[in-house]
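Descriptive structure summary
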Amino acid sequence: MTINQRIEADAYYQVLQRAYSADKFLGAHSMHTPRPLVEEILSPLLLSGKILVLFNVEFVISLVYTYNVSPDNITFCSDHLNKELICRKIGIVNIITSLPENNKNMKFDYGLANPPYTNGVWRKIIKKLMKITDHIALVAPDDRVPRGNQAKENLKDYVSFGLQKIENVDEHFPGVSPGAPIVLYFLDKTKPTDLAV
């Protein structure tokens, strides 16, 4: 019997949505990334090589069922046992519970994240990702707010890494108010920063 991958992905997204609603990830990062945004993020990426996904199982679901990425190429950084159980059911065997530092044995081609927004956590996470990945897609508050010199200081690391695009994705997060619009950053270490950004 052949399983329709779209139906399988839909089923996992429904389970995930119910789990978020029922507080099954209590104490962990609980910012759900809607499927249309996940697939908007993934669609322009080549998705070859090793991929690191932080905290958000929905990226794993779409990688495996929509983009046919082998579970062997995905490492999931988990912050909750229930997220690990979902990933294992999908076939992910590479599960870690903390973000590696600059470790030569833990290098990735892509880092995908919608990390916690409180207390600038996303900035710390992106600095770690820059040490272990070549390409990053990150959903986070817009570091261009406040404007001027502070914005330049906030974006300095992104620009030195190879900032390619900043896209507003606020509409995917109604009711979420981190103090700045929510944007999608695309960074690529193999290219110079797109100065138009």
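Up top is the structure these notes are about.
In what follows, the accompanying structure is described. Once a new chain begins, its residue numbering starts again from 1 and follows that chain's sequence as written. At least 70 in pLDDT is required for a residue's local features to be given in this predicted model, at least 80 for side-chain atom pairs to be given and counted, and no such filter applies to totals for whole chains, interfaces and linings, which use all residues. Calculation of side-chain values draws on the structure's entire complement of heavy atoms; hydrogens and water are dropped beforehand.

1. Section: the environment of Phe59
Secondary structure counts use DSSP, requiring at least four H or I residues in a row for a helix and at least two E residues in a row for a strand, with both numbered from the N terminus. Topologically, Phe59 is positioned in helix α3 (residues 57–65). Relative accessibility under 20% of the residue-type maximum defines a buried residue, over 50% an exposed one, and the middle range a partly exposed one, all with a 1.4 Å probe and only protein chains included. Given the relative accessible area of 1%, Phe59 is considered buried. Expressed as a C-alpha distance, the spacing of Phe59 and Ala22, which sit 37 residues apart in the sequence, is 20 Å.

2. Some details on the sheet that holds strand β7 (residues 182–188)
By this definition, two strands are paired if DSSP reports at least two bridges between them. Pairing is mixed across the open sheet formed by seven strands, whose spatial order is β3-β2-β1-β4-β5-β7-β6. Where the open sheet ends on each side, the last strands, each with one partner, are β3 (94–96) and β6 (163–168). For this sheet the average axis-to-axis angle between neighbouring strands, irrespective of direction, equals 15°. Pairing geometry for strand β4 (residues 108–113) and strand β5 (residues 133–141), over five bridges, is parallel. In the strand pairing of β5, Leu112 is matched with Ala137. Strands in contact with helix α2 (residues 35–42) are β4, β5, β6 and β7; relative to β5, the strand with the most contacts, it is inclined by about 150°. Between the N-to-C directions of two axes lies an angle of 0 to 180 degrees, each axis being a line fitted to C-alpha atoms and, for a helix, fitted only over the stretch in contact. What makes two residues a contact is simply this: any of their non-hydrogen atoms within 4.5 Å.

3. So, the pairing of strand β2 (residues 74–77)
Here β2 shows a buried face lined by Ile74 and Phe76 and a second buried face lined by Thr75 and Cys77. Here strand β1 (residues 51–54) runs beside β2; their pairing, made up of four bridges, is parallel. Bridge assignment links Leu52 to a residue of β2, and that residue is Thr75. Where the polypeptide runs from β1 across α3 and back to β2, its parallel neighbour, the crossover connection is right-handed. Assignment of crossover handedness uses the view with strands pointing away from the viewer, where a clockwise path from the first strand over the helix to the second indicates a right-handed crossover.

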